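Breakdown of the fold
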Amino acid sequence: MKKNITRIITLILIIQVLLSSAYLIINSNGIPIEAEVGFGTAPVIDGVIDVTTNEWNSAEKVNISLFQDLDNQSDGLLIDLRVLQAEPSPNIYSLNFLIRFDLDDHSSSEYDGEFIGILISDWDDSLNFTDAKIVQFSNISENTLEYLDYYIDDTVYYEDIISDGEGTANLENNEIIYEFSMPVENVEGGIEDVELDHDLTFDFKIVFGNATDYDYPNGILISNIVSIKLEFPPRGSEIDIGEILMLISTIIVFSTIGALYVFYIYRITQLKKEIERIRS
């Protein structure tokens with residue numbers, strides 16, 4: 001009897017481990033780097049993190065480094081990347097990026113043409129980047145810069161007739177902060193921009209370089225790619241079916257183990273009473 005109960009408990013535990021492993025595998029797959037970004041209040045795009053309003057606290061933090069060769073990722077530049085979707089302000093949802101890092105050469109005139117760009121590919125054409133939002137310095141020591149919007153055709157960058165979104169940067173000592181904001185569900189986006197929409201996944205390529213002559217993509221030095229699924233705006237509490245199934249399976253497993261344990265104790269008690277009755 002004892003051996004049978006032990007075997008049953010062991011089998012149940014093995015099943016539980018397999019279910020948990022399958023759930024973790026399903027939720028950890030993803031190349032390139034994947035992120036599901038939640039919602040928060042739209043940050044002010046000024047190159048400054050306002051700690052008094054916690055404007056970036058609800059953003060998704062992504063661990064990412066930029067590399068010269070994405071096929072041989074070594075000696076990368078570690079950046080603090082934060083991504084946040086925001087409610088309509090005034091009437092359009094926005095996707096916001098914060099990119100922050102330290103670089104000793106910021107004080108050098110060699111980096112007067114430093115820039116950060118975010119290249120975007122359409123949801124149905126991954127890794128084919130056709131839209132570029134760039135913050136380009138012309139004199140980094142004086143914090144002179146401009147925000148540029150391009151569409152890309154066969155690696156050639158063409159400046160948009162109408163600029164879409166906004167971006168800026170701010171250098172303080174050796175730390176620099178870049179901030180971008182771009183509209184989601186922008187019905188007036190036009191053919192020059194990738195039209196971001198909810199419940200779709202888009203690839204974003206973060207690029208860093210130096211180009212005093214606005215020469216793209218030649219000025220790009222390092223980069224990396226993050227894949228972002230744009231969630232629907234929250235409408236009440238969201239239900240995660242996977243988590244519910246895991247909770248149910250856990251309850252069933254441990255309830256079964258508890259019931260078997262109680263039954264085991266009961267059988268031992270009954271056996272003791274039977275032995276005492278025989279002895280008497």
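Here's a quick rundown of the structure. Remember, predicted model here, so these are calculated numbers, not experimental data.

Focus: the overall build of the protein chain
Counting its regular elements, the protein chain contains two helices and 13 strands. By residue count, 39% of the 280 residues in the protein chain fall in the buried class. A sequence separation of at least 24 residues applies to 62% of the contacts in the protein chain between residues at least 6 apart. Carbon and sulfur atoms make up 53% of the accessible area of the protein chain, which totals about 16600 Å².

A few points about the side chain of Q136
By the element assignment, Q136 lies in strand β7 (residues 129-139). Its relative accessible area of 1% is what places Q136 among the buried residues. A distance of 2.6 Å separates a polar atom in the side chain of Q136 from the backbone oxygen of G113. Engagement of the side chain of Q136 in a polar contact is seen with the side chain of Y216, the distance being 2.5 Å. What Q136 contacts, discounting residues up to four positions off in sequence, is G113, E114, F115, T144, L145, E146, L148, A211, Y214 and Y216.

Points about the sheet that holds β7
Pairing is mixed across the open sheet formed by seven strands, whose spatial order is β1-β13-β12-β6-β7-β8-β9. A single partner strand is all that each edge strand has here, and the edge strands are β1 (33-37) and β9 (156-159). Taken over all neighbouring pairs, the strand axes of this sheet differ in orientation by 30° on average, direction set aside. Looking at chain direction, strand β6 (residues 114-121) and strand β12 (residues 200-210) are connected through seven bridges and run antiparallel.

Looking at the nonpolar core
In this structure, F97, I99, F101, Y178, F180, L196 and F204 are the most contacted members of the largest nonpolar core, which totals 40 residues. F129, L148, Y157 and A211 belong to the second largest nonpolar core, which has 13 residues in total.

Details of unusual backbone geometry
Of the consecutive residues Y216 and P217, the connecting peptide bond is found in the cis state with omega at 0°. Relative to the helices and strands, P217 resides in the loop between β12 and β13 (220-230). With phi around 60°, N173 is a residue other than glycine that occupies positive phi space. You can call N173 exposed: its relative accessible area is 70%.

Digging into the pairing of strand β4 (residues 77-86)
Across the ten residues of β4, nine count as buried, placing the element largely inside the fold. By the bridge criterion, two bridges tie strand β2 (residues 39-40) to β4 in an arrangement that is parallel. Counted as the bridge partner of G40 is A86 from β4. With seven bridges connecting them, strand β3 (residues 60-66) and β4 associate as antiparallel partners.

With respect to the packing of aromatic side chains
Per the stated rule, a full pass over the model turns up ten aromatic pairs. Between the aromatic rings of F137 and Y178, the centroid separation amounts to 6.1 Å while the plane-to-plane angle is 85°, which identifies the pairing as edge-to-face. Highlighted residues: F137 in strand β7 and Y178 in strand β11 (residues 175-184), separated in sequence by 41 residues. Of the two residues examined, F137 and Y178, each falls in the buried class. On the basis of an interplanar angle of 20° and a centroid distance of 5.3 Å, the ring pair of Y151 and Y158 is categorised as stacked. We classify Y151 as partly exposed; its relative accessible area is 28%. Given the relative accessible area of 36%, Y158 is considered partly exposed. A network of ring pairs unites the aromatic residues F101, F137, Y178 and F208 as a single cluster.

Reading the values: rules and limits
Residues numbered from 1 in each chain as written. Predicted model: local features only at pLDDT ≥ 70, side-chain atom pairs only at ≥ 80, totals over all residues. Heavy atoms only, no water. Helix = DSSP H or I, 4+ residues; strand = E, 2+ residues; numbered from the N terminus. Buried < 20%, exposed > 50% of the residue type's maximum accessible area, 1.4 Å probe, protein only. Contact = heavy atoms within 4.5 Å. Areas by Shrake-Rupley, 256 points an atom, 1.4 Å probe, with all protein chains shown as cover. Polar contact = N/O pair within 3.5 Å; in protein donor to acceptor, adjacent residues only side chain to side chain. Pairing = 2+ DSSP bridges. Axes fitted to C-alpha atoms, helices over the stretch in contact; angles between N-to-C directions. Core = buried A, V, L, I, M, F, W, Y, C linked by side-chain atoms within 4.5 Å. Phe/Tyr/Trp six-rings, centres within 6.5 Å; stacked < 30°, edge-to-face > 60°.

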